[in-house]
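Here is how the chains run, residue by residue.
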Protein chains: 2
Amino acid sequence: MNKEKHILTMLVENEPGVTARVSGLFASRGYNIETICGAPTADPDISRITVTTKSRSEQLEQILKNLRRLINVVKVRDMTGAEAVKREMALICVKALPENRPEIIRIVETFRGRLVDTGKTHYIIEVTGGQEKIDALLTLLEPMGIKKVARSGILALYRESD
Amino acid sequence: MNKEKHILTMLVENEPGVTARVSGLFASRGYNIETICGAPTADPDISRITVTTKSRSEQLEQILKNLRRLINVVKVRDMTGAEAVKREMALICVKALPENRPEIIRIVETFRGRLVDTGKTHYIIEVTGGQEKIDALLTLLEPMGIKKVARSGILALYRESD
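The shown structure was predicted, so the numbers you read here are calculated from the model rather than taken from an experiment. Every chain is numbered on its own, with residues counted from 1 as its sequence reads. Labels are handed out in written order, letters beginning with A for the chains and numbers beginning with 1 for the ligands. Since the coordinates come from a predicted model, pLDDT governs what is reported: local features require at least 70, and pairs of side-chain atoms require 80 or more to be given and counted, while whole-chain, interface and lining totals use all residues. Hydrogen atoms and water are omitted, and side-chain values are computed over all heavy atoms in the structure.

Another point: the overall build of chain A. Helix and strand labels come from DSSP, where a helix needs a run of H or I of at least four residues and a strand needs a run of E of at least two; each type is numbered from the N terminus. The number of helices and strands found in chain A is four helices and nine strands. Each helix (α) and strand (β) of chain A, taken in turn from the N terminus, gives the series β-α-β-β-α-β-β-α-β-β-α-β-β. Oriented by its inertia axes, the alpha-carbon framework of chain A measures out at about 55 × 40 × 40 Å. Accessibility here uses a 1.4 Å probe with only protein chains present; expressed as a share of the type maximum, an area under 20% marks a residue as buried, one over 50% as exposed, and anything in between as partly exposed. Classification of the 162 residues of chain A by burial places 56% in the buried group. For chain A, the proportion of contacts with a sequence separation of at least 24, taken over those separated by at least 6, is 74%. Only the protein chains shown count as covering a residue, and every accessible area follows the Shrake-Rupley method with a 1.4 Å probe. Carbon and sulfur atoms make up 49% of the accessible area of chain A, which totals about 7300 Å². Charge assignment: positive for Lys and Arg, negative for Asp and Glu; neither His nor the chain ends contribute. One atom stands in for each charge, and that atom is NZ of Lys, CZ of Arg, CG of Asp or CD of Glu. Computed over 25 positive and 21 negative side-chain charges, the inter-centroid distance for chain A is 3 Å. The contact rule is simple, with two residues in contact once any of their heavy atoms fall within 4.5 Å.

In structure tokens, the structure reads:
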């Protein structure tokens, strides 16, 4: 069976060492963490960690089981599939040669991005969306000269069943 | 001396175990990772990890030194201060009672947020900005009933010096 990308969300107690325990579990089994996001929720004692990883379904079952056993891990959910909203943010620093600026701005508008910094020779663009959208934007900006990229990794929230 | 919030950005090799080593370093010294973001850069072999932590300046020096010694860590930079663009993304699931909807939509527009999911009894809102902006939005939405929050943690990119 092929490895598939999975998105896992955990609610964890906001204490020193929790991120290390969660990422240590992946490391000890040799699973790569492709992206990770972790930050406190509306309750400052609880953080939400979202991890994307590539694994076979039977490995995934094992990961979920082991995560649920970890100290400080309150809840684990597999967010792969259509019932969750999945979004990512990227900051992209691109060379802004005068002759390329109109084209860059046109691309940014098409992707509903925002210019969050404009310098003499660069723009910093903020964009949100699915992973494919951000990949597509990077491909379009590539010929202009991408200087730096920071991506948040995927965040996911279940749509309420109502 | 008081603890201050610091934003650290690392370029690391995209290999299993790197996130665990980085977060393990914080854990072994008892420093809390307040937020963490990690994802590949434009170069798929290199990931960027951004961590926010509260620490005293002399502790910070030590953390930076130890991070630079870690295997697979290519570069470490302290992004605290005004020379970096700092942005965060949040997904907020809020109760959408019919009588509250116009007010929620007004608030979302004021914060330049986006409705990314609308259900019979909820909205999911996406918003980006500084940490304070997102905190302020959460405070305003609180009376409507916040069901769930996922925050990316801070992403930071240096403004090019030009």
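Once the charged atoms of two side chains with opposite charge are near each other, the side chains can pair. Residue and element names in this part refer to chain A. One speaks of a salt bridge when a side-chain nitrogen belonging to Lys or Arg is within 4 Å of a carboxyl oxygen belonging to Asp or Glu. Applying the stated rule across the entire model yields 16 salt bridges over all chains. Put simply, Glu88 and Arg151 hold a salt bridge, and the shortest N to O gap is 3.1 Å. In this pair, Glu88 is assigned in strand E5 (residues 84–95) and Arg151 in strand E8 (residues 146–151), connecting sequence segments 63 residues apart. Taking relative accessible area as the criterion, Arg151 reaches 8% and is therefore assigned buried. For the salt bridge of Arg151 with Asp135, the shortest nitrogen-to-oxygen distance reads 2.8 Å. Of this pair, Arg151 sits in strand E8 while Asp135 sits in helix H4 (residues 131–141), placing them 16 residues apart in sequence.

Each aromatic pair joins two rings of Phe, Tyr and Trp (for Trp, the six-membered one) with centres within 6.5 Å, and gets the label stacked for planes under 30 degrees apart, edge-to-face for over 60, and tilted for any other angle. Scanning the model with the defined rule gives zero aromatic pairs over all chains in all. The aromatic ring of Tyr158(A) is capped on one face by Arg77(A), whose charged end is 3.7 Å from the ring centroid. Charge-over-ring contacts are defined here by two conditions on Lys NZ or Arg CZ: a distance within 6 Å of the ring centre and an angle within 35 degrees of the ring normal.

Many descriptions give the size of an interface as the accessible area lost when the pieces come together. On the side of chain B, 55 residues touch chain A, which itself brings 55 residues to the contact. At the junction of chain A and chain B, the tally comes to four salt bridges. Residue Asp117(B) is joined to Arg159(A) by a salt bridge in which the shortest nitrogen-to-oxygen separation is 2.6 Å. Whenever a nitrogen or oxygen atom comes within 3.5 Å of another N or O atom, the pair is scored as a polar contact, on the condition that within protein one atom can donate a hydrogen and the other can accept it, and that pairs from neighbouring residues in sequence are kept only if both atoms are in side chains. Summed over the shared surface of chain A and chain B, the number is 19 residue pairs in polar contact (both at pLDDT 80 or more). Secondary-structure elements contributing two or more residues to the side of chain A that touches chain B are helix H1 (18–28), strand E2 (35–40), E5, strand E6 (114–118), strand E7 (122–129), E8 and strand E9 (155–158) of chain A.

Residues and elements named next belong to chain A. Structurally, chain A comprises domain 1 (4–78) and domain 2 (84–158). For the domain bounds, the source is a domain assignment made automatically or taken from a database. Taking only C-alpha atoms into account, the centre of domain 1 sits 28 Å from that of domain 2. Contact residues are listed per partner, giving twelve residues for domain 1 and nine residues for domain 2. Interface area for domain 1 against domain 2, summed over the two sides, is near 810 Å², with a carbon-plus-sulfur share of 60%. On the surface where domain 1 and domain 2 come into contact, there are zero salt bridges. Computed with a 1.4 Å rolling probe, the buried area is the accessible surface lost when two parts are put together, summed over both parts.

Interaxial distance between H1(A) and helix H1 (residues 18–28) of chain B falls to 8 Å at its minimum, and their mutual angle equals 150°. In terms of their interaxial angle, H1(A) and H1(B) are classed as roughly antiparallel. You can see that H1(A) and H1(B) cross each other, and the crossing is left-handed. Contacts between H1(A) and H1(B) involve Thr19(A), Ala20(A), Ser23(A), Gly24(A) and Ala27(A) from the first element and Thr19(B), Ala20(B), Ser23(B), Gly24(B) and Ala27(B) from the second. In this classification, the charged set is Asp, Glu, Lys and Arg, the nonpolar set is Ala, Val, Leu, Ile, Met, Phe, Trp, Tyr, Cys and Pro, and all remaining amino acids, among them Gly, are polar. Across the contact of H1(A) with H1(B), the residue classes tally to four nonpolar, six polar and no charged. Between the N-to-C directions of two axes lies an angle of 0 to 180 degrees, each axis being a line fitted to C-alpha atoms and, for a helix, fitted only over the stretch in contact. Oblique is the label for any angle not under 35 degrees, not over 145, and not in the 65 to 115 range, which are roughly parallel, roughly antiparallel and roughly perpendicular in turn. Here a crossing is taken to be left-handed if its near helix is turned anticlockwise relative to the far helix by less than a right angle, and right-handed if that turn runs clockwise.

Superposing copies: least-squares fit, C-alpha atoms only, residues required to have pLDDT of at least 70 in both. Superposition of chain A onto chain B requires a rotation of 180° combined with a translation of 0.0 Å along the rotation axis, giving an RMSD of 0.0 Å. This pairing of chains is accounted for by a two-fold axis. Of every C-alpha in chain A, the one belonging to Cys37(A) sits nearest the axis of rotation, 2.3 Å from it. Comparing interface residues between copies, 100% of those in chain A also sit at the interface in chain B, which points to an isologous, same-surface contact.

Right, let's get into the sheet that holds strand E1 (residues 4–13) of chain A. Strand-to-strand pairing in sheets goes through backbone hydrogen bonds, with the strands running parallel or antiparallel. Any two strands with at least two DSSP bridges between them are considered paired. As summarised here, the arrangement of the eight strands in space is E4(A)-E1(A)-E3(A)-E2(A)-E2(B)-E3(B)-E1(B)-E4(B), forming an open sheet in which the pairing is antiparallel. Looking along the sheet, the strands with just one partner apiece sit at the ends: strand E4 (73–78) of chain A together with strand E4 (73–78) of chain B. Strand-to-strand twist across the sheet, computed as the mean angle between neighbouring axes with direction ignored, equals 15°. In terms of strand pairing, strand E2 (residues 35–40) of chain B meets strand E3 (residues 46–55) of chain B through six bridges, oriented antiparallel. Paired with Thr35(B) across the two strands is Thr52(B), which belongs to E3(B).

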